[in-house]
Every structure is written in structure tokens, then in C-alpha cells.
Amino acid sequence: MKLKLHTIICSTRPGRIGPSIAKWFHDLAVQHEKFESVLVDLAEFNLPVYDEPEHPIRQNYQHEHTKKWAGSVNAADAYVFVTPEYNFGPPPSLLNALDYVYKEWNYKPAALVSYGGISGGLRAAQMEKLTLTTLKMMPILEAVVIQNAAGHFDDNDNFLPGDVHKTSGISLLDELHRWAEALKTMRK
């Protein structure tokens, strides 16, 4: 049975470009064939600012939106966060979603496909890695960085990856699979 990879669209704002980038990466993961790949849109969960009465470590979730999100997070063996940079940091929607659950993230690897202006979202990616380690996740080094993201779209808003994005994506998937295989033993 293949390990399950969730490619998570982290921006939830109207007019976002994340879905097009995430679709490209998801398609790349499907072609890669090492994972069962699932595209997850954080916006579809409609998570309010964290509203559970108990600490997430207890997993005593009261709200349906939390139970649905916890089920999605728990179903994956690895994650790729497709993330923009907002004011030199991660989008609040991602930080909120990460905080909603705890044990469901534990002992799983994560990678980042970041996008933005000249930095390509690298400042946000570095900050996200700190949060991921606190959730007992393993953020890997390999990444896809999309600089000046607005210039990589056609007239129909489809993401047009360069060779560096494709090559980086394959390297990311190869390494993520290695970590997913290794960390699977820790979750038993």
C-alpha cells in the first residue's frame, strides 16, 4: 500500500494563486507514483480562529469542523504545504490550522512549496519549519521556491513551472518519501 501524501493549499483568501500552484505540484506527485496523492484545500474546512475548549493534545474535539480537519490530517503520512508569504511570515490560515490538532501531525515529514515576490516565500517557509518541529513533524530541506510567482502564470491563470521547479519538485518528492517510510515505524 502506498503512503498517502496531502498537498495542502494554505492560503484561503479570495483571489489566491495557491490552488493553481498546488494543482501543478499534486499532478507532479501523481506522476511521481511513490505516494497516493491527495489535494487538500484549507479553505474548504472553513476553520474559524481556534475555538476548541480543550487543548488539542487531548483529542477531545467538540466541533464538527475540528473533527473533519483532524480526520484529514490523520489520514496522511506526509504533507506538502503550498504556502505564500504574508508580511515576511506564514499565512494566518496555516498557523491556525496547524494549531487545531496535535497528535495527528506527530512523526510525519513535511515539505514546503513556497511562493511570493523576490524571496519566493523563503522567510515564511523558515518560520513555518519552527512550528512544524513543535508539532513533532520533520520538515525536510528539499523545497520548491517560486520567486516572482505572478510572472509564472498564463492568461488562464494556470501555473507555468520552470525547469528548476520541476527538478526541485522531484527531489522533494524523493526525499519526502524516504522520510515518510522511516517515520512510519515511529507511529506504530
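Above this text you will find the structure in question.
All values derive from a computational prediction rather than experimental measurement.

Asker: How do you make sense of helix α4 (residues 122-134) when you look at a structure like this?
Answerer: What sets the pattern is the α-helix's 3.6 residues per turn: residues three or four places apart point alike. Between its terminal C-alpha atoms α4 stretches 19 Å, which fits the 18 Å expected from 13 residues at 1.5 Å a residue. Inspection of α4 places Ala124, Ala125, Glu128, Lys129 and Leu132 among the buried residues, and these make up the whole buried set. The arc that holds the buried residues of α4, viewed along the axis, is 145°, so those residues lie on one side. The exposed residues of α4 that point more than 90 degrees off its buried face are Leu130 and Thr134. Of the surrounding secondary structure, the elements contacted by the buried residues of α4 are β3 (78-84), α3 (92-100), β4 (109-115) and β5 (138-146). Following α4 by one or two positions, Lys136 has its phi on the positive side, about 60°.

Asker: For this particular structure, what's the right way to read unusual backbone geometry?
Answerer: Residues other than glycine predominantly adopt negative phi, and peptide bonds predominantly adopt the trans conformation. Positive phi, normally seen in glycine, also occurs at Asn87, with a value near 50°. Note that Asn87 resides in the loop between β3 and α3. Of note, the phi angle at Asn148 is positive, near 45°, even though the residue is not glycine. When you line up the elements, Asn148 lands in the loop between β5 and α5 (163-184). Judged by its relative accessible area of 45%, Asn148 falls in the partly exposed class.

What counts, and where the lines are drawn
- Residues numbered from 1 in each chain as written.
- Predicted model: local features only at pLDDT ≥ 70, side-chain atom pairs only at ≥ 80, totals over all residues.
- Heavy atoms only, no water.
- Helix = DSSP H or I, 4+ residues; strand = E, 2+ residues; numbered from the N terminus.
- Expected span 1.5 Å × (residues − 1).
- Buried < 20%, exposed > 50% of the residue type's maximum accessible area, 1.4 Å probe, protein only.
- Arc of directions from axis to C-beta.
- Contact = heavy atoms within 4.5 Å.

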